[in-house]
Amino acid sequence: MKMYVILPLWALFTVTQQKVPSDNCHCELISSEKPFPYDRLKKAQASALSCTNTITSQKTSAIDSLLLGLNRRLPQLEHDVAMLEKEDDRTLYGALSLHIIENELTEIQQMIDTLNSTTTESKHLSENMAQQLENIKEEMDELEKFDTMQVVKRQQANQRLKRDLDQCRNNGVHPPIPPTQPTGRTCPHGRFLNITGPRVQTAGEYAGSYKYGAWGRDPKPEPGKESWHWRVMLTSSNRYAHYVRLYSSLSSLIVGISAPGNVQIHPSNPTTNTIQGPNVVLYAGALYYNCYNKDAVCRFNLTSKSVTSLDLPKGTRYNSKGDFCHLEECYPYTDLDLATDESGVWVVYTTTQDFGNLLLSKVEESEPPKLGKTWRTSVYKRSVTNTFMACGVLYATRYVNKNMEEIFYSFDTMTGKENFNVGIFINKVSSDMLSLNYSPVDQMLHAYCDAQMVSYKVLFELMDSNFPY
């Protein structure tokens, strides 16, 4: 009898211990929906990113750049051939002109070959990208089927309703707002796109002599002097010059026949108001340069032989205290850089109070010349090797290696916008580019490189005459 009682109690005690409450609760959720395939979504995202990285702005603009170059070069070639047929004298001039035309034909043929290969590559790229985009679209359509609650479709419908509501408010209550017009300038060429060349390379009549200097064309020539070219050589200590040398044509400059010859600023060198440094320009029959031993711009009128000067702001660095430089050296007496473009003459310099940052000022064509508006930039002048102007935009270069220079920086005087990533490269014929002058007459960039005169063709993207940079 006792045994009968004890056993149930023991069994009861065991069951009681098994039913002690626990703090953890484990639930199993069984969903009737299919799990979302995140791996497929990530794969589609990776494919879309691959398409974006493959189709770059450089690739899409390559054909446009080549077509633009051919569009500019072919008419120039026709003009050169016509001039040769008209003015061939069967002597050195004719042979020289023919040599230039042969070089132009070679460059044009290279551009055509590059255009053909680029077009083929672009065709294959377009076909591949079209197939990839079609695959991504099909994959996204399949993934959208997992949206059983139609969240995505409702969001899209809400966006359409919001857009329609905004349009209704703007058109119904308020008059339509005209589109914002870009802040632009009148530039007959378009947006700066690229540089090709060199087109011309010559030492003139002084092969190997006068490492420092400048050359170019007058953007606003006097009647009858439209084809004239000029050259200034620093004939004393790679620092000073006291005359400008004139040539009646590019062919005359190449073969070294100077007519009408030298125009002297002063018989001796150096002296007051003679040239100091290589950064010189000619505009409207007057030579602009850094006055000897002064923080000032001199203007020498080639007709009247008179010199007027323009003092720069107090604290302007001169006498090789604010030069253009790169890591290996500085170019002596390049404190002031004169530049020309479609609008006139500019001066680039720096001051002590601006801590060496580059300044740009417009030189007004008054009598005497006056300093116009000044712009301050955030680029350090000694990190720059040269500057030039085109359509009111300042461009700065830097040294890459002995074969390459890069236009890395621009400053738009219309908007005040700076760009440190221009990324246009110039093929050099020697290590140092000691001066750069842009000619708006023929859109050529004239460089003086270790006693050699070199020119490059500037390519612009044809656009509306008023456009933003």
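Before reading further, recall that the structure is shown in the block above.
Residues numbered from 1 in each chain as written. Predicted model: local features only at pLDDT ≥ 70, side-chain atom pairs only at ≥ 80, totals over all residues. Heavy atoms only, no water.

Caption draft 1: Examining the sheet that holds strand β25 (residues 444–449) more closely. The strand order across the open sheet built from 4 strands is β2-β26-β25-β24, with neighbouring strands paired in antiparallel fashion. Either end of the sheet is taken by a strand with one partner, and the two such strands are β2 (191–202) and β24 (435–439). Across the sheet, the axes of successive neighbouring strands diverge by a mean angle of 25°, strand direction being ignored. Pairing geometry for β25 and strand β26 (residues 452–461), over 6 bridges, is antiparallel. Pairing of Ala447 across the sheet is with Val454, part of β26. (Pairing = 2+ DSSP bridges. Helix = DSSP H or I, 4+ residues; strand = E, 2+ residues; numbered from the N terminus. Axes fitted to C-alpha atoms, helices over the stretch in contact; angles between N-to-C directions.)

Caption draft 2: Here's a closer look at the sheet that holds strand β6 (residues 243–247). Read across the open sheet, the 4 strands follow the order β3-β4-β6-β7; overall the sheet is antiparallel. Of all strands in the sheet, those bounded by a partner on one side alone are β3 (213–216) and β7 (261–264). Going from strand to strand, the sheet's axes swing by 20° on average, the running direction of each strand aside. Judged from the 4 bridges that link them, β3 and strand β4 (residues 229–233) form a sheet pairing that is antiparallel. Note on β4: the bridge partner recorded for Gly213 is Met233.

Caption draft 3: View of the nonpolar core. Among the nonpolar cores identified, the biggest contains 37 residues, and Ile275 and Leu287 are the most heavily contacted of them. Residues in contact with Leu287, not counting those within four places in the same chain, are Val232, Val244, Ile265, Ile275, Val280, Val281, Leu282, Cys298, Arg299, Phe300 and Leu302. Membership of the second largest hydrophobic core comes to 19 residues, among which are Val393, Ile424, Tyr438 and Val458. (Core = buried A, V, L, I, M, F, W, Y, C linked by side-chain atoms within 4.5 Å. Buried < 20%, exposed > 50% of the residue type's maximum accessible area, 1.4 Å probe, protein only. Contact = heavy atoms within 4.5 Å.)

Caption draft 4: Focus on empty space enclosed by the protein. Per the counting criterion, the structure on display carries 1 cavity of 30 Å³ or more. One number sums up the size of the largest cavity: a volume of about 40 Å³. Taken together, Gly216, Arg217, Trp230, Val281, Leu282, Thr340, Asn437, Tyr438, Ser439 and His446 make up the full set of residues lining the largest cavity. Per element, the largest residue contribution to the lining of the largest cavity is 3 residues, and it comes from β24. Considering only residue class, the lining of the largest cavity consists of 4 nonpolar, 5 polar and 1 charged. (1 Å grid on protein atoms, 1.4 Å probe; cavity = no way out; pocket = protein on both sides within 12 Å on 5 of 7 lines; lining within 4 Å. Points joined across faces, edges and corners; volume = space filled by probe spheres on them. Nonpolar A, V, L, I, M, F, W, Y, C, P; charged D, E, K, R; others polar.)

Caption draft 5: Structural context of the environment of Glu78. Within the fold, Glu78 resides in helix α3 (residues 57–87). For Glu78, a relative accessible area of 59% translates into the label exposed. Sequence separation between Glu78 and Ile101 is 23 residues, and the spatial gap between their C-alpha atoms is 9.6 Å.

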